[in-house]
There are 2 protein chains.
Amino acid sequence: MSTPSSLESLIKALRCLPGIGPKSAQRMAYHLLQHDRSGASSLADALQHALGALRHCQRCNTFTEADICERCLSGKRDASLLCVVETPVDMNMMEQTHAYAGLYYVLIGRVSPLDGIGPRELQLDQLLARACDGVVQEVILATNFTNEGEVTAHYLAEMLRSRAIRVSRIARGVPVGGELEYVDAGTLAQAVRERRSLT
Amino acid sequence: MSTPSSLESLIKALRCLPGIGPKSAQRMAYHLLQHDRSGASSLADALQHALGALRHCQRCNTFTEADICERCLSGKRDASLLCVVETPVDMNMMEQTHAYAGLYYVLIGRVSPLDGIGPRELQLDQLLARACDGVVQEVILATNFTNEGEVTAHYLAEMLRSRAIRVSRIARGVPVGGELEYVDAGTLAQAVRERRSLT
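What counts, and at which threshold
- Residues numbered from 1 in each chain as written.
- Chains lettered and ligands numbered in written order.
- Predicted model: local features only at pLDDT ≥ 70, side-chain atom pairs only at ≥ 80, totals over all residues.
- Heavy atoms only, no water.
- Pairing = 2+ DSSP bridges.
- Helix = DSSP H or I, 4+ residues; strand = E, 2+ residues; numbered from the N terminus.
- Axes fitted to C-alpha atoms, helices over the stretch in contact; angles between N-to-C directions.
- Least-squares fit on C-alpha atoms with pLDDT ≥ 70 in both.
- Contact = heavy atoms within 4.5 Å.
- Buried area = accessible area lost by both parts, 1.4 Å probe.
- Salt bridge = Lys/Arg side-chain N within 4 Å of Asp/Glu carboxyl O.
- Polar contact = N/O pair within 3.5 Å; in protein donor to acceptor, adjacent residues only side chain to side chain.
- Nonpolar A, V, L, I, M, F, W, Y, C, P; charged D, E, K, R; others polar.

Residues and elements named next belong to chain A. With parallel pairing, four strands are arranged side by side in an open sheet as β4-β3-β5-β6. With partners counted over all chains shown, the strands left at the sheet margins are β4 (102-106) and β6 (166-169), one partner each. Along the sheet, successive strands turn relative to each other by an average axial angle of 25°, direction set aside. The pairing of strand β5 (residues 138-141) with β6 spans four bridges and is parallel. Note that in β6 the partner of I140 across the bridge is S168.

For the rest of this paragraph, the subject is the relation of the copies chain A and chain B. When chain A is brought onto chain B, the operation consists of a screw motion whose angular component is 180° and whose axial shift is 0.0 Å, with 0.1 Å RMSD remaining. The transformation relating the two chain copies, once decomposed into turn and shift, fits a two-fold axis. Closest to the rotation axis within chain A is the C-alpha of A44(A), separated from it by 2.1 Å.

So, on to the interface of chain A and chain B. Counting residues at the interface gives 53 residues for chain A, matched by 53 residues for chain B. Both faces combined, the contact of chain A with chain B buries some 5000 Å², and carbon together with sulfur accounts for 69% of it. Applying the counting criterion to the chain A and chain B interface returns zero salt bridges. For the interface between chain A and chain B, the tally reads twelve residue pairs in polar contact (both at pLDDT 80 or more). The set of elements that each furnish at least two residues to the side of chain A that touches chain B consists of α1 (5-14), α2 (22-35), α3 (37-53), β2 (63-64), α4 (70-73) and α5 (88-96) of chain A. If you tally residues by element for the side of chain A that touches chain B, the top one is α3(A), at 15 residues. Residue composition of the side of chain A that touches chain B, grouped by class: 28 nonpolar, 16 polar and nine charged.

Residues and elements named next belong to chain B. The strand order across the open sheet formed by four strands is β4-β3-β5-β6, and the pairing between neighbours is parallel. Among the strands making up the open sheet, the edge pair consists of β4 (102-106) and β6 (166-169). Sheet twist, expressed as the mean angle between neighbouring strand axes with direction ignored, is 25°. Sheet topology places strand β3 (residues 78-85) next to strand β5 (residues 138-141); four bridges connect them, and they run parallel. For V84, the partnering residue across the bridge sits in β5 and is L141. Running over the sheet, helix α5 (residues 88-97) touches β3 and β4 and is turned about 160° from β4. Relative to β6, helix α7 (residues 147-161) is tilted by about 165°, and along the sheet it contacts β3, β5 and β6.

Rendered as structure tokens:
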């Protein structure tokens, strides 16, 4: 007299979603079955279609339906700039700023010794080959300002500088609209250390 | 140079899940594609299988793969007791107590005038027919102790009492393990009003 097996399988399958525990999965399953059967059906189709259609771009690693993504193929982007980010989401965030018109390289990860991800696991040869192709003039490191992101940036900077490639790091400091009173000491310390001279 | 359409469809489809906004949906989509493609595939299958296999039990309204659920067909349950709950999840909670061996009726909802759900929308005829079948001796109202649940219980009690059916409501009071210091005044007031005499 337990839950029907197909319902139990659905609850279990929903737990593959990040941040969804047994209670939420149960709530989601009942919600879909009771109130949104068409939504559930669309979700199943969308999952299957996305799994079939999406792969990594051969040049920048982001998700694309073709071999090489639209952005890498576009003639309108500045190919001399290469921005390195950790994930496709980070790339989207950069794009939303409209402040960058170069190309990207998505690491799909970061150096994280605790998780057993070293420089080798990130397959940085592809990035190195790309950076040394003669077209790229500057590599902009836009990994996160977390410990892992910083370690990754440090490692990449060393690696690229030894090959005489210009490397830069996006700026760290007080956020736009930020008040000094509420900024943490570490951020403020960096903002002082990395101050810009006003001419 | 936007998100590929299959990825966008997946993000949109994930928003049918309760409590999932655009940011979470994006995070889920990238997580599935990057780290758990087999989980995503299982989820798609589980959704389609559940949609095809699950329907409402003709007697108690819960989800089942047959016409009538195992519990309703079981000879081991006390058919003279009928417990009315709002949702299949509430029924599971009741079952987990192991304190009830009767049968159930799941309303799949509650009286909620603000959402336009009156007694008519809940299709209470089926419940009434069930309660008046001659087998049921007592109807136990186990709707939530929210405003809507209380209104529903009140309405059901009136409806059933007018047909001379014995009606009861699950007890309200201080939770097991509860300390008076931390119980809200409303609960404590009810606990005093509905005190039991100890013989």
